[in-house]
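# Geometric and topological summary
In case you want the letters, here they are:
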Amino acid sequence: MSEADMIPPVPENPVSSGAHWTIYLPTMVVAVTWAIVYFWAEWREPPLLAIGGIALAVESVVVPLLLGHALLRARVLRAVMAGGELRVEQGFPFRRALRLDAGELALAQVRRSFAQRRFGGGALALIERNGKRHLIADLAEPEALAAAINETNRRRDAA
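Note that the coordinates shown come from a computational prediction; the quantities given were computed from them, not determined experimentally. Each chain carries its own residue numbering, running from 1 in the direction its sequence is written. Predicted model: local features are reported for residues with pLDDT of at least 70 only, side-chain atom pairs are reported and counted for 80 or more only, and whole-chain, interface and lining totals are derived from all residues. With hydrogens and water set aside, each side-chain value is computed from the structure's full complement of heavy atoms.

The score called pLDDT rates the predictor's confidence residue by residue, from a low of 0 to a high of 100. Across the protein, the average pLDDT comes to 89, with 92% of residues at or above 70. We call two residues in contact when some of their heavy atoms are within 4.5 Å. Long-range and interchain partners of residues 3-11, a stretch whose pLDDT sits below 50, account for one contact in this model, where long-range means more than four residues apart.

Written as structure tokens, this is what we have:
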């Protein structure tokens, strides 16, 4: 046995990603839209009290619920690629954990909505070798995870 065989392999650096701030974008759109509706209804002559009341109800009930849901989703969302294994925790109110060996994955690619192309972030689309698909949405750095998964698979296929 040579000295090179006795040296343990260097572990690869873990690549991780959490939630991107665009997870809050739908909440912000709803809040701004209903604020505009409220002020529009108030500035009409005579004021449209029913529409203004509905807008206030949405702002005081729906927007905080959406914000709380996005905040709790953002706190749970984590994806880590280390040691040839992808570990993902996501979901609120029901947490889901996913563990996949990089060898089980045929392809990892990044998907982005219009807002994510503009502001960053995206979703990690995974296709297993058996055809099963996974989508991990609202990640801050999905391209780093996709590159790490695909590079790990390229190294395994070359060996």
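There's more to say after this.
Mapped onto the elements, G18 comes out in strand β1 (residues 15-18). Put simply, G18 and G84 are 66 residues apart on the chain and 19 Å apart in space, counted from C-alpha to C-alpha. The contacts of G18, once residues within four sequence positions are left out, are L77, R78, D138, L139 and A140. Helix and strand assignments come from DSSP, with helices taken as H or I runs of at least 4 residues and strands as E runs of at least 2, each series counted from the N terminus.

Take helix α3 (residues 49-76) next. A helix is expected to span 1.5 Å for every residue after the first. The end-to-end C-alpha distance of α3 is 40 Å, a good match for the 40 Å that 28 residues give at a rise of 1.5 Å each. In this analysis the local bend is the angle between axes fitted, respectively, to the seven residues ending at and the seven residues starting at the residue. Where α3 bends most, at E59, the angle is about 30°. Within the span of α3, buried status applies to G52, A55, V58, V63, A70, A74 and V76. Along its buried surface, α3 packs onto α2 (25-43), β2 (78-82) and β3 (85-90). Each residue gets one of three labels from its accessible area relative to the maximum for its type: buried under 20%, exposed over 50%, partly exposed in between, using a 1.4 Å probe on protein chains only.

Looking now at the sheet that holds strand β6 (residues 122-128). Strand order in the open sheet made by the three strands is β5-β6-β7, with antiparallel pairing throughout. Each end of this open sheet is capped by a strand with a single partner; those strands are β5 (105-111) and β7 (133-139). Averaged over all pairs of adjacent strands, the angle between strand axes in this sheet comes to 15°, irrespective of strand direction. Each pair of strands is called paired provided DSSP finds at least two bridges between the two strands. As paired elements, β5 and β6 share six bridges and run antiparallel to each other. The residue bridging Q109 from the neighbouring strand is A125, located in β6. Here the axes come from fitting lines to C-alpha atoms, over the contacting stretch only for helices, and the angles between their N-to-C directions go from 0 to 180 degrees. Contacting β5, β6 and β7, helix α5 (residues 142-158) crosses the sheet at an angle of about 160° to β5.

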